[in-house]
Amino acid sequence: MEKTGGSKILLGLFIFFIIIAIYTIIDTIFYPNIILKNSDVVINLNSEYNEPGYKAYYKGKDITDSVSVYENINTRKLGVYKIKYSVSEGSKYKNITRKVYVKDLTKPQIKLTSNKDIYVCPDDEYIPNDYKAYDNIDKDITNKVKVIRKGAFITYLVKDSAFNEAKITKRIHYKDKKGPTIKFNSGKNPSILLNNKYDDKYTVVDNCTKNVKAKVYGKVDTTTPGNYKVKYTAEDEYGNKTVKTKKVNVYQKDQKGTIYLTFDDGPNIGTTDKILDILKEENVKATFFVTNRGPDYLIKREYDEGHTVGLHTATHDYSYVYSSVENYFNDLASVHDRVYRITGYDSRIIRFPGGSDNTISRRYKSGIMTELVKEVLNRGYKYYDWNILSGDAGETKESSVVYQMVTENLSKDRVNIVLMHDIKPYTRDALKNIIEYGKANGYIFDSIDMNSKMLTHRVNN
Ligand code: ZN
């Protein structure tokens, strides 16, 4: 019984396959046939669909050219699309479809704001919050990131809604690599006026520990002029060491080798501000002989940053200020009041436009300079000419020439008063090099004050 049942099933299958075969043969012989290369296709969103190709035959003849293709794929939209291929020969026809899946195949991206190797203080716990994750479809998926810790490794894993996955692993080193930071209250290389207070305080901060050993070698005697070197060392408990040296210059007012940088005619946006930046960087004080031009805030900066704000005249108009003593003092009062209004500083330090030896004033009033140099002193002012020209009053427009004219005429045997103009870009551009030359050659930079000895030219009118 069983045997007979098994044979029946086999016979049934055999007949079934025979029918299929016959059908296929009939279909191939009597109907057109379309063969697709790669049946279903998956493409990435926003990419282009490239037809993989097809062939059509009828009775052994290639009729590919007669195939019509109907497609309506939007590769910018996720979905399943159908492409219909059809061909007909007389009354016989064939339709066939291909499915195109437009899917999101683009992986999300994990971005770390820290390095792949991360150093953490030995006693600290590392909290990984230094990542962001973005996906082309889901946008910000930072909150989907899984952070997996395994020993010294942290793996960041994220999947977008289409299950594309991104992964980054980084390593934590529990090690302090950095020495403590030493900061001086006085700045890096301060100049201290003789018998003035010197702030020798400093702070030591370590990135990892409070257990730091600091030592100071050397002392500064503010009652004796000279150059002092003080060495600071700091070592954290992990053996990282920092060494810093501070050079302190104790100087006297008007000491030989002093440089008074003086800037006339400002303030001026674009030059005075940059000059102030350089002076700040270099920790150098200077003197500005200002006018009524330029914005108030630059005069405020000059004063607040420790420079001397001197007076040059309000208008700098020779024909007005040198036509009478009265005009000169009216004009001077105007710039004096401006400085006082901005800073609260009652400036009594002046420079005559053109210098006290100018001859241009002869055009407007004979003998006026002779009167003025006396009268300014009577009224409690001090005036300062110069003994070094920078060339920026008209001789040159090259910063290299400004640099050369100043540095070649400096002397260690006197006080050097340098005439410059903070409205000149080439002076601005030469300044840093001039200061560095001065420092490297043992000069002292200072600002003029009422204790500075007047340097005056011989009057010519
Ligand atoms: Zn001037």
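Since the model is a prediction, treat every value here as computed from it, not as a measurement. (Residues numbered from 1 in each chain as written. Predicted model: local features only at pLDDT ≥ 70, side-chain atom pairs only at ≥ 80, totals over all residues. Heavy atoms only, no water.)

Novice: Could you clarify how one ought to interpret the coordination of the zinc ion in this entry?
Specialist: Tetrahedral metal sites with four donors have an ideal angle of 109.5 degrees; octahedral sites with six donors have ideal angles of 90 or 180 degrees. Those protein atoms acting as donors to the zinc ion are Asp265 (OD), His312 (NE2) and His316 (NE2), and they sit at 2.1 to 2.2 Å. For His316, a relative accessible area of 24% corresponds to the partly exposed category. (Donors = N, O, S within 2.8 Å, 3.2 Å for Na, K, Ca; no water. Buried < 20%, exposed > 50% of the residue type's maximum accessible area, 1.4 Å probe, protein only.)

Novice: Help me out: how do you make sense of a positive patch on the surface in this one?
Specialist: On the surface, Lys213, Lys215, Lys231 and Lys241 cluster together to form a positively charged patch. With respect to the secondary-structure elements, Lys231 resides in strand 19 (residues 226-236). Take Lys231: its relative accessible area is 38%, and that puts it in the partly exposed class. (Patch = residues over 30% accessible without salt bridge, like charges linked within 9 Å, V, L, I, M, F, W, Y side chains within 5 Å. Areas by Shrake-Rupley, 256 points an atom, 1.4 Å probe, with all protein chains shown as cover. Salt bridge = Lys/Arg side-chain N within 4 Å of Asp/Glu carboxyl O. Lys, Arg positive; Asp, Glu negative; His and termini not counted. Charge placed at Lys NZ, Arg CZ, Asp CG, Glu CD. Helix = DSSP H or I, 4+ residues; strand = E, 2+ residues; numbered from the N terminus.)

Novice: Honestly, the sheet that holds strand 16 (residues 191-193) in this entry has me stumped. Any pointers?
Specialist: Whenever strands of a sheet pair, they do so through backbone hydrogen bonds, lying parallel or antiparallel. Taken in spatial order, the four strands make up an open sheet running 16-20-19-18, and their pairing is mixed. Of all the strands in the sheet, just strand 16 and strand 18 (212-217) have a single pairing partner and so form its edges. The sheet shows a mean angle of 25 degrees between the axes of neighbouring strands, direction not considered. Sheet topology note: the strand 19/strand 20 (residues 241-251) ladder contains ten bridges and is antiparallel. Paired with Lys231 across the bridge in strand 20 is Thr245. (Pairing = 2+ DSSP bridges. Axes fitted to C-alpha atoms, helices over the stretch in contact; angles between N-to-C directions.)

Novice: Hey, could you run me through the packing of aromatic side chains in this one?
Specialist: Each pair of aromatic rings is reported with the distance of its centres and the angle of its planes. Scanning the entire structure with this criterion turns up twelve aromatic pairs. Taking 5.1 Å as the distance between ring centres and 90 degrees as the angle between the ring planes, the aromatic pair formed by Tyr328 and Phe329 counts as edge-to-face. By relative accessible area, which is 0% here, Tyr328 ends up buried. Ring-pair connections join several aromatic residues into one group, and the members of that group are Tyr328, Phe329, Phe352 and Tyr383. Taking NZ or CZ as reference, Lys92 lies 5.9 Å from the ring centre of Tyr31, over its face. Sitting above the plane of the Tyr443 ring, Lys412 keeps its charged end 5.1 Å from the centroid. (Phe/Tyr/Trp six-rings, centres within 6.5 Å; stacked < 30°, edge-to-face > 60°. Lys NZ or Arg CZ within 6 Å of the ring centre and 35° of its normal.)

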